[in-house]
Amino acid sequence: MQWAKDQRYIAALSQYEAVSFGDPLFAHVVLLPLQQRFSVHLRKALWFDRIDVIRTLSLRPSQCLIPIETFLHPCEEEADLVEIYFSSLHRGKVRPTWSPIMYLVAVHHVVSFAFSPKAGGTEGEALRTARARLKIVKGILALQNEDLKQLLLLYQGPSSSDPKGYTLHNSLPQDRANILFAAERLAQERQK
């Protein structure tokens, strides 16, 4: 059954890409299944299989008829999806000028995943999650794009009153500083 839903969504993505010309109403149809309450498979269909469609989803958060919070909460826990969010940000596949909502979604979930104190359920899940988080944190530290690096380090949360759609901390929060320090220390110990 899930496969059939995924196929219908992929068909809608193909149709949107082929004929929409970035139409805002059609963009809402594409965005609707990307809310966190729906299957992760639908988000993966866009971010893994049809990443180029993101460039045409040009709605700003203030234009979206769907509450932005539904794309952001609960925070994404699927490590491979968060990794593609990070990769898409790093490689410029999603940009605030092209797709402000998808950019906000990617930033929010990368930051939430990387700096969340939440652990997985079983010991094995917790270990896999910790490794994935460490990989993201190391990736953030290694970014050459200083603007993106600062955004990921200082991102505070969504904001409907800010034209960018988000706000930043004035300085690095202590909990993030602790995580970064631990990641750098671990990297140094592995080099020895």
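Higher on the page you've got the structure.
In this report, the structure presented in the accompanying data block is examined. Source: prediction; values computed, not measured.

On to the overall build of the protein chain, then. Scanning the protein chain from N- to C-terminus turns up nine helices and two strands. Against the 2.2 N^0.38 benchmark of 16 Å for 192 residues, the protein chain shows a C-alpha radius of gyration of 17 Å, consistent with a compact globule. Oriented by its inertia axes, the alpha-carbon framework of the protein chain measures out at about 55 × 40 × 25 Å. Within the protein chain, the proportion of its 192 residues that are buried is 44%. By element, 54% of the accessible surface of the protein chain is carried by carbon and sulfur atoms, the whole surface being about 10,800 Å².

Looking at helix α8 (residues 146-154), one finds that the buried residues are Leu148, Lys149, Leu151, Leu152, Leu153 and Leu154. Where α8 is buried, its residues contact α5 (79-90), α6 (100-115), α7 (123-142), β1 (155-158), β2 (166-168) and α9 (174-191). A distance of 3.1 Å separates the backbone nitrogen of Asp147 from a side-chain oxygen at the start of α8, and that oxygen is part of Asn145.

The step from His73 to Pro74 runs through a cis peptide bond, and the omega angle for that step is -5°. Residue placement: Pro74 occurs in the loop between α4 (69-72) and α5.

About the criteria used
Residues numbered from 1 in each chain as written. Predicted model: local features only at pLDDT ≥ 70, side-chain atom pairs only at ≥ 80, totals over all residues. Heavy atoms only, no water. Helix = DSSP H or I, 4+ residues; strand = E, 2+ residues; numbered from the N terminus. Rg over C-alpha atoms; globule rule 2.2 N^0.38 Å. Buried < 20%, exposed > 50% of the residue type's maximum accessible area, 1.4 Å probe, protein only. Areas by Shrake-Rupley, 256 points an atom, 1.4 Å probe, with all protein chains shown as cover. Contact = heavy atoms within 4.5 Å. Polar contact = N/O pair within 3.5 Å; in protein donor to acceptor, adjacent residues only side chain to side chain.

By themselves these figures say nothing about function.
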